[in-house]
Amino acid sequence: MLISFRRLALVSCLSLPLLAHAQLPVQANPDHEAILASADARLAANKRLVYDFWREVFEGGHMELADKYLAESYMQHNPGVGTGRAAFVELFSKFVKPKDIQAKVKAPLVAITAEGDKVILSFVSTVPDPKDASKKYTTTWFDMFRIENGKIAEHWDPALKDSH
């Protein structure tokens, strides 16, 4: 009985901080130059490659620049996008029309992390609260890229299959 009481007391004490504090909203980092920096020149170049791809091709809609950034054999792990540079261009050309390329990524960028041949972009994602559709909350979306021979060779994200 004493062990059960101690266990209950421990669980209660550990749970109290979780109940006392609400979730902190995810915040974008406005200083993109700082998060692009790295003491390692190769990691800095990989970060810049992915960042510029995101600005120019993904957000800017300039699919004619895709070959500058994506390997022809680009591997895609998002279940809604086909593998290969041509498949990427074909799909996104349907949804994104070319517009002025901005100096900074427009999406609310939290961080850019690089390690070895991988670069991860972390974004603020604002989504509807499933318990109250009139409310929204923030979480984090991640896109991870693998760089090979100066081009993006592979991509991962947490996307699920579309039910439509």
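Everything below is about the structure shown above.
Residues numbered from 1 in each chain as written. Predicted model: local features only at pLDDT ≥ 70, side-chain atom pairs only at ≥ 80, totals over all residues. Heavy atoms only, no water.

Draft legend 1. Examining the overall build of the protein chain more closely. Along the backbone of the protein chain there are 5 helices and 5 strands. Restricting the contact set of the protein chain to residue pairs at least 6 apart, pairs at least 24 apart contribute 54%. (Helix = DSSP H or I, 4+ residues; strand = E, 2+ residues; numbered from the N terminus. Contact = heavy atoms within 4.5 Å.)

Draft legend 2. The arrangement of the packing of aromatic side chains in detail. Counting across every chain of the model gives 9 aromatic pairs. A ring pair is formed by Tyr-74 and Phe-88, whose centres lie 6.0 Å apart and whose planes are at 85°; its orientation type is edge-to-face. Here Tyr-74, found in strand β1 (residues 70–76), pairs with Phe-88, found in helix α5 (residues 85–95); they are 14 residues apart in sequence, far enough to count as distant. A relative accessible area of 1% means that Tyr-74 is categorised as buried. Using a relative accessible area of 3% as the deciding quantity, one classes Phe-88 as buried. (Phe/Tyr/Trp six-rings, centres within 6.5 Å; stacked < 30°, edge-to-face > 60°. Buried < 20%, exposed > 50% of the residue type's maximum accessible area, 1.4 Å probe, protein only.)

Draft legend 3. A look at the environment of Gly-80. Examined against the element boundaries, Gly-80 turns out to sit in the loop between β1 and α5. Between the C-alpha atoms of Gly-80 and Lys-161, which are 81 residues apart in sequence, the distance is 6.2 Å.

Draft legend 4. Inspection of the nonpolar core at higher detail. Among the nonpolar cores identified, the biggest contains 28 residues, and Phe-53, Phe-88, Ile-112, Leu-121 and Ile-152 are the most heavily contacted of them. Contributions of two or more residues to this core are made by α2 (32–36), α3 (41–59), α4 (66–69), β1, α5, β2 (109–115), β3 (118–129) and β4 (132–148). Among the elements that take part in this core, α3 stands out by supplying 7 residues, more than any other. Not counting the four nearest positions on each side in its chain, Leu-121 is found in contact with Val-50, Trp-54, Leu-109, Ala-111, Ile-112, Trp-141, Phe-142, Asp-143 and Phe-145. (Core = buried A, V, L, I, M, F, W, Y, C linked by side-chain atoms within 4.5 Å.)

Draft legend 5. Layout of the pairing of strand β5 (residues 151–156). Pairing between β1 and β5: 3 bridges, direction parallel. Bridging across to β5, Leu-70 finds its partner in Ile-152. Examined bridge by bridge, β4 and β5 share 5 bridges and lie antiparallel to one another. Pairing of Phe-145 across the sheet is with His-155, part of β5. The turn linking β4 back onto β5 is made up of 2 residues, and Asn-149 within it adopts a positive phi angle of 55°. (Pairing = 2+ DSSP bridges.)

Draft legend 6. Main features of the sheet that holds β4. Strand order across the open sheet formed by 5 strands is β1-β5-β4-β3-β2, with mixed pairing between neighbours. The sheet is open, and its two edges are formed by β1 and β2, each paired on a single side. The average angle at which neighbouring strand axes cross in this sheet is 25°, direction not considered. One ladder, built from 6 bridges, connects β2 with β3; its direction is antiparallel. Across the sheet, the residue bridging to Ile-112 is Leu-121, located in β3. Packed onto the sheet, α5 meets β1 and β5 and runs at close to 80° relative to β1. (Axes fitted to C-alpha atoms, helices over the stretch in contact; angles between N-to-C directions.)

Draft legend 7. The arrangement of unusual backbone geometry in detail. Backbone geometry places Asn-149, a non-glycine residue, at a positive phi of 55°. Take Asn-149: it is sitting in the loop between β4 and β5. Since its relative accessible area comes to 76%, Asn-149 is described here as exposed.

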